[in-house]
Amino acid sequence: MSTESVDTGARPRGGRLPRQERRAQLLDSALEVFVAQGYHSAAMDDIAERAGVSKPVLYQHFPGKLELYLALLDASADNVIAQCKAALDSTQDNKQRVEATMAAFYEYVGGDSGAFRLVFESDLTNEPAVRERVDRVTSECAAMIADVIHDDTGLPDVPSRLLAVSLVGMAQVSARFWLTDAAGISKSDAASLVAGLAWRGIRGYPLTDDH
């Protein structure tokens, strides 16, 4: 079969790159393949071809498919956690914090790269190392939100964390639903709509002398 009629998305082979640049290029290519095919269907051959390198070059940087996938997961988890922290740090107004945090999750899920699928829709969550990284997003974002809830309401740590985990779940599940099933609602409108729901709930826990 002629390969001229098939667009593989492969990058042309080029010259040598500094190690960090090559690693970044390989990660970008791997992300495209994993998002499109899932972990189990993706092959190292596909990733090498997409990156425009030989498979030995790919193995110089990553000893196997799992290690490559975990590197992507680490980067994706770091990204969404950093966005959540930036949103919480952006203001001292808690209503605006809810809005900014919800918007951060929608921006992450709505990003062109589709990286959120590795974190929230991984087909490898039975692998402990993957599960650990996926859980880290919820646990670290919830920990930051729980600190705000505790300071604002005086609720003990465990209830504060439960409420925080609920807010994180609301953010990521609603954002994924919006992306696939909420046609006609813009990203900003969807984030604002859900932020309104979250704020109406969380503001019902005001600081009192009883806490």
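Residues numbered from 1 in each chain as written. Predicted model: local features only at pLDDT ≥ 70, side-chain atom pairs only at ≥ 80, totals over all residues. Heavy atoms only, no water.

Taking an unreviewed UniProt entry as the reference, the protein chain is identified by name as TetR/AcrR family transcriptional regulator belonging to Nocardioides taihuensis.

**Student:** Give a description of the side chain of Ser 174 that names residues and reports values.
**Tutor:** Structurally, Ser 174 is set in helix α8 (residues 157-181). Among the polar contacts listed, one links the side chain of Ser 174 to the backbone oxygen of Ala 171, at a separation of 3.2 Å. (Helix = DSSP H or I, 4+ residues; strand = E, 2+ residues; numbered from the N terminus. Polar contact = N/O pair within 3.5 Å; in protein donor to acceptor, adjacent residues only side chain to side chain.)

**Student:** An account of the packing of helix α1 (residues 19-41) against helix α2 (residues 44-51) is needed here, citing residue identities and associated values.
**Tutor:** Where α1 contacts α2, the axes come no closer than 9 Å and their chain directions differ by 145°. Where α1 crosses over α2, the handedness of that crossing is right-handed. Packed against α1, whose contacting residues are Gln 25, Leu 26, Ser 29, Ala 30, Glu 32, Val 33, Phe 34, Gln 37 and Ser 41, the element α2 presents Asp 46, Ile 47, Arg 50 and Ala 51 at the interface. Split by residue class, the contact of α1 with α2 holds six nonpolar, four polar and three charged. (Axes fitted to C-alpha atoms, helices over the stretch in contact; angles between N-to-C directions. Left-handed = near helix turned anticlockwise from the far one by under 90°. Contact = heavy atoms within 4.5 Å. Nonpolar A, V, L, I, M, F, W, Y, C, P; charged D, E, K, R; others polar.)

**Student:** I'd like to hear about the pattern of salt bridges, residue by residue, with values.
**Tutor:** Scanning the entire structure with this criterion turns up eleven salt bridges. In this structure, Arg 136 engages Asp 78 in a salt bridge whose closest nitrogen and oxygen atoms are separated by 2.8 Å. Taken together, the positions of Arg 136 in helix α7 (residues 128-153) and Asp 78 in helix α4 (residues 65-89) put the pair 58 residues apart, joining distant regions of the chain. On the basis of relative accessibility, which here comes to 21%, the residue Arg 136 falls in the partly exposed class. Residue classification places Asp 78 among the partly exposed residues on the basis of a relative accessible area of 43%. Residue Arg 131 is joined to Asp 135 by a salt bridge in which the shortest nitrogen-to-oxygen separation is 2.9 Å. Here the residue Arg 131 and the residue Asp 135 both occupy positions in helix α7, the gap between them amounting to four residues, near one helical turn. Look at Arg 131 and you get partly exposed, because its relative accessible area is 33%. Given the relative accessible area of 37%, Asp 135 is considered partly exposed. Bridged by salt links that share partners, the residues Asp 78, Arg 136 and Glu 140 form one connected network. (Salt bridge = Lys/Arg side-chain N within 4 Å of Asp/Glu carboxyl O. Buried < 20%, exposed > 50% of the residue type's maximum accessible area, 1.4 Å probe, protein only.)

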